[in-house]
Amino acid sequence: MKALIKSTLSSYLVVAGLLGFSCTDAQADDCQAAPTPGIDWQDCDKKLLMLGGSNLEGAKLVGTDFTTTDLSDASLLGANLEKAKLLRATLARSAAKGASFVRAEAYRTDFTGIGADDANFESAELQRSNFKDAKLSNVNFTKADLGRSQFDGAEVGGSRFSLANLARADFRATHFSSPVDFERAFFFLTRVEGVDLSTATGLSQWQLDMACGDDKTVLPEGLKKPDQWPCKFQQE
């Protein structure tokens, strides 16, 4: 009986080893495959590539390294980019409606003109990223780090910035077509000059006291413009 068990166990280990080898080979093949809808590039190295205009709709891009890669005009509809590295990459004018960027690393990333309505950027690192003229309606930016990011010309109606770091982020000329949630967001020197925040939710006086607005900034009822507005650097 012991011999039979030992023989069965040995056979199982051999089969498992072969299967493991096959899976590894398959993953390597996937990383070398051309971009197609639904492709599985999880954890693949895709740095320094020209992928502009690629169709990656519904692709599995979890943990994929796109550092400095060109993804401009690409289709990322419904793609999963959770934990992806997008450092200094460009996603300009890409279509990313419903895509997941949860916990993605996107320092100094170019998102200009991206169509990312209903996308999820929760807990993403987006410092110094550019969202100029982006379509960002109903986007989840909860707990995202957006320090020094640019939103001029972007549409952010219905989006959630609760608990996000918005230090020195620039919302001048941003469009708020529907209420935006700023509950407990960090507003240190956040630029809201000329912005209509009358329908914003979650805003508190302590947030505005740290922000930078002007006489044209419109606030929700019950909040007042700080005496220190405009900020000193705005007058230099």
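Thresholds, definitions, all that
Residues numbered from 1 in each chain as written. Predicted model: local features only at pLDDT ≥ 70, side-chain atom pairs only at ≥ 80, totals over all residues. Heavy atoms only, no water. Disulfide = S-S within 2.5 Å. Helix = DSSP H or I, 4+ residues; strand = E, 2+ residues; numbered from the N terminus. Buried < 20%, exposed > 50% of the residue type's maximum accessible area, 1.4 Å probe, protein only. Contact = heavy atoms within 4.5 Å. Polar contact = N/O pair within 3.5 Å; in protein donor to acceptor, adjacent residues only side chain to side chain. Phe/Tyr/Trp six-rings, centres within 6.5 Å; stacked < 30°, edge-to-face > 60°. Core = buried A, V, L, I, M, F, W, Y, C linked by side-chain atoms within 4.5 Å. Patch = residues over 30% accessible without salt bridge, like charges linked within 9 Å, V, L, I, M, F, W, Y side chains within 5 Å. Areas by Shrake-Rupley, 256 points an atom, 1.4 Å probe, with all protein chains shown as cover. Salt bridge = Lys/Arg side-chain N within 4 Å of Asp/Glu carboxyl O. pLDDT = per-residue confidence, 0-100.

Next up on the list: the state of the cysteines. Using the criterion set out here, one finds 2 disulfides in the structure. For Cys212, the disulfide goes to Cys231, at an S-S distance of 2.0 Å. Between Cys212 and Cys231, the S-S dihedral sits near -100°, and the bridge is therefore left-handed. One end of the pair, Cys212, is in the segment after helix 2 (205–210); the other, Cys231, is in the segment after helix 2, and 19 residues separate them in sequence. Note on accessibility: Cys212 and Cys231 belong to one class, buried. What connects to what in the protein, once the bonded cysteines are numbered by sequence position, is 1-2, 3-4.

The subject of this paragraph is the environment of Asp214. By secondary structure assignment, the location of Asp214 is in the segment after helix 2. In sequence terms Asp214 and Gly194 are 20 residues apart; their C-alpha atoms lie 6.5 Å from each other. Contact partners of Asp214, with chain neighbours within four places excluded, come to Glu193, Gly194, Lys225 and Trp229. Here Gly194 takes part through its backbone nitrogen, which lies 3.0 Å from a polar atom of the side chain of Asp214. Within the structure, the side chain of Asp214 is placed 3.0 Å from the backbone nitrogen of Lys216, a separation counted as a polar contact.

What follows concerns the side chain of Ser54. In this fold, Ser54 is placed in the loop between helix 1 (2–32) and helix 2. In this structure Ser54 comes out as buried when scored by relative accessible area, which is 11%. Only 2.7 Å separates the side chain of Ser54 from the backbone oxygen of Leu51, close enough to count as a polar contact.

Applying the stated criterion to the full structure yields 20 aromatic pairs. Look at Trp41 and Phe66: their rings are 6.5 Å apart centre to centre, the planes differ by 55°, and that puts the pair in the tilted class. Remark: Phe66 occurs in the loop between helix 1 and helix 2 and Trp41 occurs in the loop between helix 1 and helix 2; sequence separation between them is 25 residues. A relative accessible area of 0% places Phe66 in the buried class. Ring geometry for Phe186 and Phe188: centres 6.2 Å apart, planes at 15°, overall stacked. The class of Phe186 is partly exposed, set by a relative accessible area of 37%.

Another point: the nonpolar core. The biggest cluster of nonpolar side chains holds 59 residues, and the ones touching the most others in it are Phe121, Leu136, Phe141, Phe161 and Phe182. Leaving out residues up to four positions away in the same chain, Phe121 has contacts with Phe101, Phe111, Ala116, Leu126, Phe131, Val139, Asn140, Phe141 and Ala144.

The grouping of Phe186, Phe188 and Trp206 at the surface amounts to a nonpolar patch, some 290 Å² of accessible area in total. Inspection of the secondary structure puts Phe188 in the loop between helix 1 and helix 2.

When pLDDT is averaged along the protein, the result is 90; 86% of the residues meet or exceed 70. Long-range and interchain partners of residues 12–23, a stretch whose pLDDT sits below 50, account for 0 contacts in this model, where long-range means more than four residues apart.

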